[in-house]
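The chain contents come next:
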Amino acid sequence: MTPDTAFPEAATLDDIRRNLNVVQLRITQACARAGRDPAEVRLLPVSKTVEEHRIRLAYEADCRDFGENKVQEARAKAAAMADLDIRWSVIGHLQTNKAKYVARFAHEFQALDSLRVAEALDRRLQIEGRAMDVFVQVNSSGEASKYGLAPDAVLPFARELAAFSALRVKGVMTLAVFSDDTDRVRRCFVLTRALRDRLRQEAPDGLSFDDLSMGMSGDFEIAIEEGATVVRVGQAIFGARPTGDAQYWPGM
Ligand SMILES: *Cc1c(COP(=O)(O)O)cnc(C)c1O
């Protein structure tokens, strides 16, 4: 995606507060349209590429959770802002050799899509004496360029997760197709929600599939209408990213 000038720059505390208020209002309005309680929707500000200074401003504006796509970037920020009680959420693809870092600094991991990563993360968490909230990532758009499990692979995968006692399974996460065609975007969310509903029925005891992490700056209202309980929003809070997103998603 190219940087979008529709996302207002946020350089000051006032800018960030204003953007947060606008996003929160849009969340409330989307909930109203869908007959939902806004308290059911958690806003996860996404701070990738955002420098420490502006993350500290967002913290001053009462943000406590921050989503980061890349482990290296997240880890450096967690170390630099260890004085703040931030809950870091890793929302991007993880390589097994980085699991040890995530097990140390992250509060949540939203992009679980392989048993190898589940094993590595669980083992590292056991060593650290911690547990972590995790979401299973679903490839709801069918694009080869997207990470995540194919929808029909998710239930068998979920059954295996019961073996990892340090992983607290919370739900599923997806990225919709990047498209101006809102019907196609909505279909990704509808599919993911249906899958989540099925997992709630059929997943092993002890795993909870209540949460549905879907929707970003460009599509979070559609996601809320289709049942999102977590929306991951970066640019609408912090302003358009100066760099392209190719480094965060394969094949863009
Ligand atoms: C960057 C990112 C987001 C947020 O995207 P914005 O366009 O900044 O709202 C959401 N989810 C994931 C996985 C991301 O990497």
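What you are looking at is a predicted structure, and each value in this text was computed from that prediction instead of being measured.

Right, let's get into the pairing of strand 4 (residues 108-112). Within strand 4, 5 of the 5 residues are buried, which leaves the element mostly enclosed by the surrounding structure. Read from strand 3 (residues 87-90) through helix 4 (residues 99-105) to strand 4, the crossover connection turns out right-handed. Where strand 4 and strand 5 (residues 132-138) come together, 3 bridges link them in parallel fashion. Of the residues in strand 5, the one forming a bridge with Glu108 is Asp133. You can see the chain leave strand 4, run along helix 5 (residues 115-128) and come back into strand 5, and the turn it takes is right-handed.

Attention now goes to the pattern of salt bridges. For the structure shown, the criterion picks out 22 salt bridges. Arg42 is the partner of Asp65 in a salt bridge, and the nearest nitrogen-oxygen pair spans 3.1 Å. Placement of Asp65 in strand 2 (residues 65-68) and of Arg42 in strand 1 (residues 42-45) is noted, with a sequence separation of 23 residues between them. We classify Asp65 as buried; its relative accessible area is 11%. Take Arg42: its relative accessible area is 25%, and that puts it in the partly exposed class. The shortest N-O distance in the salt bridge between Arg186 and Glu226 comes to 2.7 Å. Placement of the pair is Arg186 in helix 7 (residues 182-202) and Glu226 in the loop between helix 8 (220-225) and strand 8 (230-233), with a sequence separation of 40 residues.

Bringing the site of the ligand into the picture now. Near the ligand there are 12 residues, and of these Lys48, Asn69, Ser217, Gln235 and Arg241 occur at the shortest range. A distance of 2.5 Å separates an oxygen atom of the ligand from a polar atom in the side chain of Ser217. In this structure, Gly234 approaches the ligand through a main-chain N or O atom, which is 2.9 Å from an oxygen atom. Across the complex, the protein chains shield 98% of the 380 Å² of accessible surface that the ligand would expose by itself.

Criteria and cut-off values
Numbering of residues begins from 1 in every chain and follows the order in which that chain's sequence is written. Side-chain atom pairs in this predicted model are given and counted only at pLDDT of 80 or more, local residue features only at pLDDT of at least 70, and totals for whole chains, interfaces and linings cover all residues. Values reported for side chains reflect all heavy atoms of the structure, with hydrogen atoms and water molecules removed beforehand. Buried means the residue's accessible area, taken with a 1.4 Å probe over protein chains only, is under 20% of the maximum for its type, while exposed means over 50%, and partly exposed covers the values in between. Helix and strand definitions follow DSSP, with helices as H or I runs of at least four residues and strands as E runs of at least two, each counted in order from the N terminus. If the strands point away from the viewer and the path from the first strand over the helix to the second runs clockwise, then the crossover is right-handed. A pair of strands is considered paired only if DSSP assigns at least 2 bridges between the two. The term salt bridge refers to a side-chain nitrogen of Lys or Arg lying within 4 Å of a carboxyl oxygen of Asp or Glu. For this description, a residue counts as near a given molecule or strand if any of its non-hydrogen atoms is within 4 Å of it. Identification of polar contacts relies on pairs of N or O atoms within 3.5 Å, with a donor-acceptor requirement for protein atoms, meaning one able to donate a hydrogen and the other able to accept it, and with residues adjacent in sequence counted only if both atoms are side-chain atoms. For every accessible area listed, the method is Shrake-Rupley and the probe measures 1.4 Å; residues are considered covered only by the protein chains on display.

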